[in-house]
Amino acid sequence: SQQGEEDPQALSIQEGENATMNCSYKTSINNLQWYRQNSGRGLVHLILIRSNEREKHSGRLRVTLDTSKKSSSLLITASRAADTASYFCATAANSGYSTLTFGKGTMLLVSP
Amino acid sequence: GAVVSQHPSRVICKSGTSVKIECRSLDFQATTMFWYRQFPKQSLMLMATSNEGSKATYEQGVEKDKFLINHASLTLSTLTVTSAHPEDSSFYICSARQGAQAFFGQGTRLTVV
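First, a word on scope: everything that follows refers to the structure included in this document. (Residues numbered from 1 in each chain as written. Chains lettered and ligands numbered in written order. Predicted model: local features only at pLDDT ≥ 70, side-chain atom pairs only at ≥ 80, totals over all residues. Heavy atoms only, no water.)

## A closer look at the overall build of chain A
Scanning chain A from terminus to terminus reveals zero helices and 11 strands. Against the compact-globule benchmark of 13 Å for 112 residues, chain A has a radius of gyration of 13 Å, which places it among compact chains. Each principal axis of the C-alpha atoms in chain A carries an extent, and together these give about 40 × 30 × 20 Å. Out of the 112 residues in chain A, the part that is buried amounts to 45%. Long-range contacts, defined as pairs at least 24 residues apart, comprise 56% of the intrachain contacts of chain A with a sequence gap of at least 6. Per element, the accessible surface of chain A, about 5300 Å² overall, is 46% carbon and sulfur. In chain A, 12 side chains carry a positive charge and 9 a negative one; their mean positions are 6 Å apart. (Helix = DSSP H or I, 4+ residues; strand = E, 2+ residues; numbered from the N terminus. Rg over C-alpha atoms; globule rule 2.2 N^0.38 Å. Buried < 20%, exposed > 50% of the residue type's maximum accessible area, 1.4 Å probe, protein only. Contact = heavy atoms within 4.5 Å. Areas by Shrake-Rupley, 256 points an atom, 1.4 Å probe, with all protein chains shown as cover. Lys, Arg positive; Asp, Glu negative; His and termini not counted. Charge placed at Lys NZ, Arg CZ, Asp CG, Glu CD.)

Okay, here's the thing in structure tokens:
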């Protein structure tokens, strides 16, 4: 079953602007991951943040995790048209081979 | 990173026929693979966990006899949609874990006519 909600459900911005997406979850987690999905394609792993971490960076991506609020945010800086995709957060209950529980996703549209 | 290959990417079949979807881990061994279903503009819903050498674990509400899963080797899991109906039309995605990170196949768009 789905863990929680992402907001916004859809986000439309101009190239060069920053995009922020939020994810909330309900149960305790070992880690939280963000994935990207282009229309009609599989998912691509973007970044993983563990429950004992608060912030992580990867290129133009910045992820925060607040375990007290059971929420995470994904910031994409200086967005490009190629960033247009759906973005999903997924939580894992443990560090092993547990299943991932996905949020509902945010559809990001970056206009040139 | 690791690569998971899923085949076919698109398939159209007639009602009542069966369709097999393959999921291969190309450069690593995967004792566990996962099968998801995704409806348009929705999230991924886990259907079942495929375990090499043993029976798959199905999520509640997923019919075992309709969605047959076979994980015969450490690099291959197959999902067979049996006696397909139009309501089975969907996007099916497999994934395999390597450590904490999951790698996904390209997905299969199934259309049952």
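Now that the structure is up, let's keep going.
## Observations concerning the sheet that holds strand β1 (residues 4–7) of chain B
All names here are of chain B. One open sheet holds the four strands; their spatial order is β1-β3-β8-β7, and the pairing between them is antiparallel. Either end of the sheet is taken by a strand with one partner, and the two such strands are β1 and β7 (67–73). Along the sheet, successive strands turn relative to each other by an average axial angle of 15°, direction set aside. As paired elements, strand β3 (residues 19–25) and strand β8 (residues 76–81) share six bridges and run antiparallel to each other. Among the inter-strand pairings, E22 is bridged to a residue of β8, identified as T78. (Pairing = 2+ DSSP bridges. Axes fitted to C-alpha atoms, helices over the stretch in contact; angles between N-to-C directions.)

## What to know about the pattern of salt bridges
Counted according to the given criterion, the structure contains five salt bridges over all chains. Linking A:K56 and A:E53 is a salt bridge whose minimum nitrogen-to-oxygen distance equals 3.9 Å. We note a salt bridge from B:K66 to B:D88, for which the minimum N-O separation is 2.8 Å. In this pair, B:K66 is assigned in the loop between β6 (57–58) and β7 and B:D88 in the loop between β8 and β9 (90–98), connecting sequence segments 22 residues apart. Exposure remark for B:K66: the relative accessible area of 11% places this residue in the buried category. Of the residues examined, B:D88 reaches a relative accessible area of 5% and is grouped as buried. (Salt bridge = Lys/Arg side-chain N within 4 Å of Asp/Glu carboxyl O.)

## Some points on the packing of aromatic side chains
All names here are of chain B. This structure, assessed with the given rule, holds seven aromatic pairs over all chains. Between Y36 and F104, the aromatic rings sit 5.9 Å apart at their centres with planes inclined by 40°, giving tilted as the arrangement. Linking Y36 in strand β4 (residues 32–38) with F104 in strand β10 (residues 101–104), this pair joins segments that are 68 residues apart in sequence. With a relative accessible area of 2%, Y36 lands in the buried category. Relative to Y92, the ring of F67 lies with its centre 6.3 Å away and its plane at 45°, an arrangement referred to as tilted. (Phe/Tyr/Trp six-rings, centres within 6.5 Å; stacked < 30°, edge-to-face > 60°.)

## Structural notes on the sheet that holds strand β3 (residues 19–24) of chain A
Pairing between the strands of a sheet is mediated by backbone hydrogen bonds and can be parallel or antiparallel. All names here are of chain A. Sheet architecture is open: five strands sit in the order β1-β3-β8-β7-β6, paired in antiparallel fashion. The sheet is open, and its two borders are formed by β1 (6–7) and β6 (55–58), each paired with just one other strand. The pairing of β3 with strand β8 (residues 71–76) spans six bridges and is antiparallel. From the neighbouring strand, S24 faces β8, where its bridge partner is S71.

## Re the environment of A:N31
Relative to the assigned elements, A:N31 resides in strand β4 (residues 31–37). Judged by relative accessible area, which is 0%, A:N31 ranks as buried. For the pair A:N31 and A:T99, spaced 68 residues apart in sequence, the C-alpha to C-alpha distance is 12 Å. For A:N31, the residues in contact, after removing those within four places along its chain, are A:L48, A:I49, A:R50, A:S51, A:A90, A:T91, A:A92, A:N94 and B:A100. Reaching out from A:N31, the side chain makes a polar contact with the side chain of A:Q33 at a distance of 2.9 Å. (Polar contact = N/O pair within 3.5 Å; in protein donor to acceptor, adjacent residues only side chain to side chain.)

## Some remarks on the interface of chain B and chain A
In this complex, chain B contributes 21 residues to the contact, which on the side of chain A involves 23 residues. Carbon and sulfur atoms make up 58% of the area that chain B and chain A hide from each other, which totals about 1700 Å². Here chain B is connected to chain A by zero salt bridges. Where the side of chain B that touches chain A is concerned, the elements lending two or more residues are β4, β5 (44–51), β9 and β10 of chain B. Broken down by element, the residue count for the side of chain B that touches chain A peaks at four residues, all from β5(B). Class assignment for the residues of the side of chain B that touches chain A results in 10 nonpolar, eight polar and three charged. (Buried area = accessible area lost by both parts, 1.4 Å probe. Nonpolar A, V, L, I, M, F, W, Y, C, P; charged D, E, K, R; others polar.)

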